[in-house]
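# Remarks on the overall topology
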Amino acid sequence: MFQNKTEQQAREEILAMVKEYADTYHKRNTEFQEGHRIPYASRVYDSAEMVNLVDSALEFWLTSGRYTNEFEQKLAKYLGIKYCSLVNSGSSANLNAFMALTSPLLGDRSIRRGDEVITVAAGFPTTVTPMIQYGAIPVFVDVTIPQYNIDVNRLEGALSDKTKAVMIAHTLGNPFDLDAVKAFCNRHNLWLVEDNCDALGSKYSINGETKFTGTIGDIGTSSFYPPHHMTMGEGGAVYTNNSLLHKAIRSFRDWGRDCICPSGRDNLCGHRFDRQYGELPMGYDHKYVYSHFGYNLKATDMQAAIGCAQLEKFPCFVESRKHNFARLKAALAGTEDKLILPEACENSDPSWFGFLITCRKGVDRNRIVQYIEAKGIQTRMLFAGNLIKHPCFDEMRRTGQGYRVYGGLDNTDRIMQDSFWVGVYPGMTDGMIDYMGAAIRKAAYLR
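The sections below set out a description of the structure shown in this document. (Residues numbered from 1 in each chain as written. Predicted model: local features only at pLDDT ≥ 70, side-chain atom pairs only at ≥ 80, totals over all residues. Heavy atoms only, no water.)

Next up on the list: a nonpolar patch on the surface. Residues Trp 255, Leu 280, Tyr 284, Tyr 288 and Tyr 290 make up a contiguous nonpolar surface patch of roughly 520 Å² in combined accessible area. Mapped onto the elements of the fold, Tyr 284 is located in the loop between helix H8 (243-253) and helix H9 (301-331). Judged by relative accessible area, Tyr 284 falls into the partly exposed class, the value being 37%. (Patch = residues over 30% accessible without salt bridge, like charges linked within 9 Å, V, L, I, M, F, W, Y side chains within 5 Å. Areas by Shrake-Rupley, 256 points an atom, 1.4 Å probe, with all protein chains shown as cover. Salt bridge = Lys/Arg side-chain N within 4 Å of Asp/Glu carboxyl O. Helix = DSSP H or I, 4+ residues; strand = E, 2+ residues; numbered from the N terminus. Buried < 20%, exposed > 50% of the residue type's maximum accessible area, 1.4 Å probe, protein only.)

Structure (structure tokens):
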């Protein structure tokens, strides 16, 4: 088939066939009919992602490569930030971000065992897991309803002489009060990690300047799992403007290496065999010098290839999420006597991940959820609800060690009992949104 053709000609022919295949067999049917399942999230893609995927596969470069470099550069440019590192998941991104704060490179500001990190229990566990893994003490603070983000009025009370950082997520795309949190961190010389996994594309205006969430703190993280704002299947990113943190992030991501040479390239610095490191022999190969206890958290180039195609669509994804959220909120107007509808944080422009609803007293969440699930509408809880009520905290609850709660978690418990959310992902049509709104409205007033 490829006789008398150059490799480039053969590749172009293969990719043309892939495009035709994807356009024919992967074309998404957007026509909605009652009875169709409405997932809370799903992949939105076309032939561009599949062509990039096969293009990468034809090179058979199975680790990070040219697509990884392209993705890191383009995401950094989109966010307006200096440094971006691709990793294999959003959970790894949070781990990588937190590990960077434990680096000896940071001197007295490095997080050590027993230091405290302010966070919330109403969220996803992998925002907190790295703290526990490294022996730091999470200090849980309550959240507000209907913003579902940290109650900034409790920050000063949660502070101790052991506090080193604040690490919290922008809940379902709704930015937390970055003005107050950033000022608190600046006042007390604390690190701020923005878990931006549910909020890529959200914006916040601070000090007269509008910025993307994830770029206002010291480190931001993203997830590219299929339900998220864009997908690689598996994947994540860590980004920062701080060159020292970037150095630590890259080292921890790449086995803990001291060397910055990418895979397949040697001696970029020109000093691979002529320096002294620790107690190693003079001239020991710099590619095998380790300055941190790290992991291999890199993604593959095939994942990055998909991400590059997704980035081209991403601004449209954000606008679709905003449109779907606004339409659903309009559809539920007048139900406020039964339901608490979500509200954006002041000074923010959210790229909504979901539409979070809290049932008012006397309204049974389980009854509403079961009714709309029976109508084909997929629902989710706000992740852990109250993380410290889960079995993974059993031993710490029994011993009373390993975490601290400041001021009670009344709203967190309320969310655990009374809240649920539905999706607003870009693949939804107005027909789907209107159907969801009608079903939720009817469920709220059933007796």
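Picking up after the structure, the text goes on.
Evaluated as defined, the whole model comprises 29 salt bridges. Where Arg 66 meets Asp 55, a salt bridge forms, and the shortest distance between an N and an O atom there is 2.7 Å. Separated by 11 residues along the polypeptide, Arg 66 in helix H3 (residues 66-79) and Asp 55 in helix H2 (residues 47-59) bring together distant segments of the chain. In this structure, a network of salt bridges that share partners links the residues Arg 11, Asp 55, Glu 59 and Arg 66.

The strand order across the open sheet built from 3 strands is E7-E6-E11, with neighbouring strands paired in antiparallel fashion. Where the open sheet ends on each side, the last strands, each with one partner, are strand E7 (209-212) and strand E11 (348-349). Where strand E6 (residues 203-206) meets E7, 4 bridges bridge the pair, whose relative direction is antiparallel. When the sheet's bridge partners are listed, Ile 206 is paired in E7 with Glu 209. (Pairing = 2+ DSSP bridges.)

Packing of helix H4 (residues 90-100) against H8 brings their axes to within 8 Å, and their N-to-C directions diverge by 125°. If you check the angle between H4 and H8, you find them oblique. In terms of crossing hand, the pair formed by H4 and H8 is right-handed. Packed against H4, whose contacting residues are Asn 96, Met 99 and Ala 100, the element H8 presents Leu 245, Ala 248, Ile 249, Phe 252 and Arg 253 at the interface. (Axes fitted to C-alpha atoms, helices over the stretch in contact; angles between N-to-C directions. Parallel < 35°, antiparallel > 145°, perpendicular 65-115°, else oblique. Left-handed = near helix turned anticlockwise from the far one by under 90°. Contact = heavy atoms within 4.5 Å.)

Now for the pairing of strand E5 (residues 191-195). Most of E5 sits out of view: 5 of its 5 residues are buried. Residues Trp 191, Val 193 and Asp 195 line one face of E5 and the alternating positions Leu 192 and Glu 194 line the opposite face, and both faces are buried. Two elements, strand E4 (residues 163-169) and E5, share 5 bridges in a ladder whose sense is parallel. Within E5, the residue paired with Ala 169 across the bridge is Asp 195. Following the chain from E4 across helix H7 (residues 178-188) to the adjacent parallel E5, one finds a crossover that is right-handed. (Right-handed = clockwise from strand over helix to strand, strands pointing away.)

Moving on, we get to the packing of aromatic side chains. Aromatic ring pairs: the centre-centre distance and the angle between the two ring planes describe each pair. On inspection of all chains with the given rule, the structure shows 15 aromatic pairs. Here the aromatic rings of Phe 353 and Trp 421 are separated by 5.4 Å at their centres, their planes lie at 45°, and the arrangement is tilted. Highlighted residues: Phe 353 in the loop between E11 and strand E12 (354-359) and Trp 421 in strand E14 (residues 419-423), separated in sequence by 68 residues. As far as the burial class goes, Phe 353 and Trp 421 line up, both buried. One aromatic cluster in this structure is built from Tyr 40, Phe 124, Phe 353, Phe 383 and Trp 421. Across the ring face of Tyr 67, the terminal group of Arg 66 is positioned such that the distance to the ring centre comes to 4.3 Å. (Phe/Tyr/Trp six-rings, centres within 6.5 Å; stacked < 30°, edge-to-face > 60°. Lys NZ or Arg CZ within 6 Å of the ring centre and 35° of its normal.)

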